[in-house]
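Each chain, letter by letter, is given below.
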Amino acid sequence: DCGCSWGSGGGGISALLLYRNAALGLVLAVAGLPRSARDIGGLDAMVAVATATCGLIFYLAADRLIANRESMRLWRGAS
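About the thresholds
Residues numbered from 1 in each chain as written. Predicted model: local features only at pLDDT ≥ 70, side-chain atom pairs only at ≥ 80, totals over all residues. Heavy atoms only, no water. Helix = DSSP H or I, 4+ residues; strand = E, 2+ residues; numbered from the N terminus. Buried < 20%, exposed > 50% of the residue type's maximum accessible area, 1.4 Å probe, protein only. Areas by Shrake-Rupley, 256 points an atom, 1.4 Å probe, with all protein chains shown as cover. Patch = residues over 30% accessible without salt bridge, like charges linked within 9 Å, V, L, I, M, F, W, Y side chains within 5 Å. Salt bridge = Lys/Arg side-chain N within 4 Å of Asp/Glu carboxyl O.

Caption draft 1: Representation of the overall build of the protein chain in the model. The number of helices and strands found in the protein chain is 3 helices and 0 strands. Looking at the protein chain residue by residue over its 79 residues, the buried ones come to 10%. Surface accessibility of the protein chain: about 6,400 Å² in total, with carbon and sulfur atoms responsible for 69%.

Below, the structure written as structure tokens:
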């Protein structure tokens with residue numbers, strides 16, 4: 001089980017799952033780079049929250065697409 005959808009998907013490990021995990025690793029590597037010494041203001045905090053929210057939405061969308069890939073393939077073949 002790949003763990004897609006917290007174990008309810010039942011799918012195996014696929015290339016898409018590996019690409020998603022590689023992208024997550026790249027994001028974490030960039031987040032670990034040294035930062036500037038300037039203070040974080042209110043606008044910076046709002047941008048950080050918005051970025052984290054968008055990242056979570058993209059992660060959940062990728063998770064659903066990976067978990068539903070077989071269903072989408074069957075749906076396309078039925079047309």
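Caption draft 2: Here's a closer look at the environment of A62. Tracing the sequence through the fold places A62 in helix α2 (residues 42–67). We classify A62 as partly exposed; its relative accessible area is 23%. Sequence separation of A62 and L17 is 45 residues, and the distance between their C-alpha atoms is 8.8 Å.

Caption draft 3: Here's a closer look at a nonpolar patch on the surface. On the surface, L26, V30 and L33 cluster together to form a nonpolar patch covering roughly 300 Å² of accessible area. Structurally, L33 can be placed in the loop between α1 (15–31) and α2. By relative accessible area, which is 48% here, L33 ends up partly exposed.

Caption draft 4: Focus on the pattern of salt bridges. Within the structure shown, the criterion is met by 2 salt bridges. Among the salt bridges present, the one from R20 reaches D63, with a minimum N-O distance of 3.4 Å. Placement of the pair is R20 in helix α1 and D63 in helix α2, with a sequence separation of 43 residues. You can call R20 buried: its relative accessible area is 15%. As a salt-bridge pair, R38 and D44 come within 3.0 Å of each other at their nearest N and O atoms. For D44, a relative accessible area of 25% gives the class partly exposed.

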